[in-house]
Amino acid sequence: MDLALLEKALLGLFAAIVLAIVVSKLTGKRFKLPPGPYPMPIVGNWLQVGDDLNHKNLMNMAKKFGEIFLLRMGVRNLVVVSSPDLAREVLHSQGVEFGSRTRNVVLDIFTGKGQDMVFTVYGDHWRKMRRIMTVPFFTNKVVQQNREGWEEEARLVIEDVKKDPRSSVEGIVIRKRLQLMMYNDMFRIMFNRRFESLEDPLFKKLTVLNAERSRLSQSFDYNYGDFIPILRPFMHKYLRQCYKLKDVRLKVFEDHFVKDRNRIDMDQKKEIKCAMDHILEAEQKGEINHDNVLYIVENINVAAIETTLWSIEWGIAELVNHPEIQKKVLREMESVLGPGVPVTEPDLPRLPYLQAVVKETLRLRMAIPLLVPHMNLSDAKLMGFDIPAESKILVNAWFLANDPKKWKNPEEFRPERFLEEEAKVEANGNDFRFIPFGVGRRSCPGIILALPIIGITLGRLVQAFELQPPPGQKKIDTTEKPGQFSNQIRTHATVVCMPRN
Ligand code: HEM
């Protein structure tokens, strides 16, 4: 380590401590802040609460400090809300005030300081991006144009699994093949392209680059530089890695996908118009620039593919661990569609039990349990407390959907709840206890694609196979691996896929 730099940083840190104490005593605004653990100078609550602020740790803190509490993480204020009423306030009633996103130095790099849609602040740029992305990605027309493609991709998964002799004996890590399916589902929408196999070099490259993007942005390793800006010089190496990855990744999007689509002549485009054609038209009209185009591709790569895949993975794990539920799903499909008739997207409304399985998966195993952090650009109020400008607001959506005071035996995987006592609750946020896609302005526009893709995939797998744990195991291990934005299954499960006929 550079000793001169360390010496300067420590001196700076000392000066900052003294200055911070003096300034706060003399000029500090008299805020009525939400409750929370008592903060220390400079580091705030960071050393007390640690880095792992996952949904369960935050639930435990909510039990201690209440439905709204404040953590001071160095210079950052983190407000956690844990009740349906407060979720409504943040996401709906004061949706404009709390409609921005926090970024940090790392996310600034990966989003070109908010030139994307997911991490940009609430304002004109966000509105423009959401409008431009809606027609090519988030309408029922897109679902109707693409659903046969998704059904074909699910059929090919089943074909490949059947061809693999291990699948019905020791089992396979089915996630690997489903990952290819999800890339194909999304790249068909975006570029009218698909990857032939798991060995496709471009597919391999993309998965490595996207995984590295997730690892670097979700890591807790850089918190020190985010929370205590004076320590940022020590992040130099980390940030260099991020810049390098960002450049390589955007270049792959450009050279292998966007450029190709730009080259295809207009006549051909008229026949098969994909999302990128709409986006490039918006660029030609001068509504967005070329960087925005690339950040749209970046956003779909991070927001759409893994989230849906995690949910499918969780759904499979729960079906394996609950064979009686699996049987019930099968029986419903056989009686509604007829034996052996593969489920398609238009069938889903007639399959309430399958839909209840999807909802129960999203409830118990919520993929983004704290939503994507929100932020207030100006000072604001919640429940009579002052929320200083630029606070990071986490809505503990997982706790809202798993609170024993509000749900019957929430720890149980029981799809029947969505046909019985919770029959009116939908995944679109019509009830603030259940908001796996958020609600309001910054809610997930991809819900319209994600729900049918999950339904078709789980339905077809159950129609084709009896899904079982590997030999010698009674159940699949469902230990969670929570991160800054996600809740994944810790071990990608090996599943035995026993053909039904
Ligand atoms: C099961 C799958 C998915 C889950 C659980 C999920 C969940 C979420 C959540 C919780 C948010 C943040 C809501 C908030 O902060 O209030 C979000 C935002 C977003 N999602 Fe999804 N999502 C999924 C699939 C998708 C798909 C398939 C797409 C695109 C094709 C997509 C695109 C987006 C975008 C663009 C945003 C940012 C919206 C904004 O900031 O205005 N998501 N998603």
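Residues numbered from 1 in each chain as written. Predicted model: local features only at pLDDT ≥ 70, side-chain atom pairs only at ≥ 80, totals over all residues. Heavy atoms only, no water.

- An unreviewed UniProt entry annotates the protein chain as Cytochrome P450 73A33 originating from Carex littledalei.
- In the Cofactor (unreviewed entry) part of its UniProt record, the protein chain is described as follows: "heme".
- Taken directly from UniProt, the Catalytic activity (unreviewed entry) text for the protein chain runs: "(E)-cinnamate + reduced [NADPH--hemoprotein reductase] + O2 = (E)-4-coumarate + oxidized [NADPH--hemoprotein reductase] + H2O + H(+)". (UniProt positions renumbered as here; feature names shortened; annotations may be inferred.)

### Considerations on the UniProt feature "binding site: heme" (unreviewed entry) in the protein chain
Turning to step 1, where the next piece is worked out: Taking the UniProt record as the reference, the feature "binding site: heme" (unreviewed entry) is found at Cys 444.
Turning to step 2, where the next piece is worked out: For Cys 444, a relative accessible area of 29% corresponds to the partly exposed category. (Buried < 20%, exposed > 50% of the residue type's maximum accessible area, 1.4 Å probe, protein only.)

### Comments concerning the pairing of strand β1 (residues 68–73)
Turning to step 1, where the next piece is worked out: Across the six residues that make up β1, a large majority, five, are buried.
Turning to step 2, where the next piece is worked out: Pairing of β1 with strand β2 (residues 76–81), which is carried by six bridges, proceeds in the antiparallel orientation. The residue of β2 that forms the bridge with Arg 72 is Asn 77.
Turning to step 3, where the next piece is worked out: Taking the residues between adjacent antiparallel strands as the criterion, β1 and β2 are bridged by two residues, where Gly 74 takes a positive phi near 60°. (Helix = DSSP H or I, 4+ residues; strand = E, 2+ residues; numbered from the N terminus. Pairing = 2+ DSSP bridges.)

### What about the coordination of the iron atom of the ligand?
Turning to step 1, where the next piece is worked out: Just one protein atom coordinates the iron atom of the ligand, and that atom is Cys 444 (SG), at 2.3 Å.
Turning to step 2, where the next piece is worked out: In this structure, Cys 444 sits in the loop between α17 (397–401) and α18 (447–464). (Donors = N, O, S within 2.8 Å, 3.2 Å for Na, K, Ca; no water.)

### Some words on the site of the ligand
Turning to step 1, where the next piece is worked out: Neighbouring the ligand are 27 residues, the closest being Arg 101, Trp 126, His 374, Arg 442 and Cys 444.
Turning to step 2, where the next piece is worked out: For the shell around the ligand, the elements supplying multiple residues, two or more each, are α6 (124–137), α14 (290–321) and α18.
Turning to step 3, where the next piece is worked out: Tallying contributions element by element places α14 first for the shell around the ligand, with five residues.
Turning to step 4, where the next piece is worked out: Residues that form the shell around the ligand fall into these classes: 17 nonpolar, seven polar and three charged. (Near = heavy atom within 4 Å. Nonpolar A, V, L, I, M, F, W, Y, C, P; charged D, E, K, R; others polar.)

### Side note on the pattern of salt bridges
Turning to step 1, where the next piece is worked out: According to the stated counting rule, one finds 42 salt bridges in the structure shown.
Turning to step 2, where the next piece is worked out: The closest approach of N and O atoms between Lys 285 and Glu 287, which form a salt bridge, is 4.0 Å.
Turning to step 3, where the next piece is worked out: Among the residues examined, Glu 287 registers a relative accessible area of 23% and is labelled partly exposed.
Turning to step 4, where the next piece is worked out: Between Arg 414 and Glu 420 there is a salt bridge; the shortest N-O distance is 3.6 Å.
Turning to step 5, where the next piece is worked out: Judged by its relative accessible area of 48%, Glu 420 is partly exposed.
Turning to step 6, where the next piece is worked out: When salt bridges that share partners are traced, they join Glu 152, Glu 153, Arg 188, Arg 194 and Glu 196 into one network. (Salt bridge = Lys/Arg side-chain N within 4 Å of Asp/Glu carboxyl O.)

### Some remarks on the packing of helix α8 (residues 174–191) against α14
Turning to step 1, where the next piece is worked out: Closest axis-to-axis distance for the α8/α14 pair is 10 Å, and the angle between their directions is 140°. Handedness of the α8/α14 crossing: right-handed. Between α8 and α14, the contacting residues are Ile 174, Arg 175, Leu 178, Gln 179, Met 181, Met 182, Tyr 183, Met 186, Phe 187, Met 190 and Phe 191 on the first element and Val 297, Ile 300, Asn 301, Ala 304, Ile 305, Glu 306, Thr 308, Leu 309, Trp 310, Ile 312, Glu 313 and Ile 316 on the second.
Turning to step 2, where the next piece is worked out: Of the residues contributing to the contact of α8 with α14, the split by class is 17 nonpolar, three polar and three charged. (Axes fitted to C-alpha atoms, helices over the stretch in contact; angles between N-to-C directions. Left-handed = near helix turned anticlockwise from the far one by under 90°. Contact = heavy atoms within 4.5 Å.)

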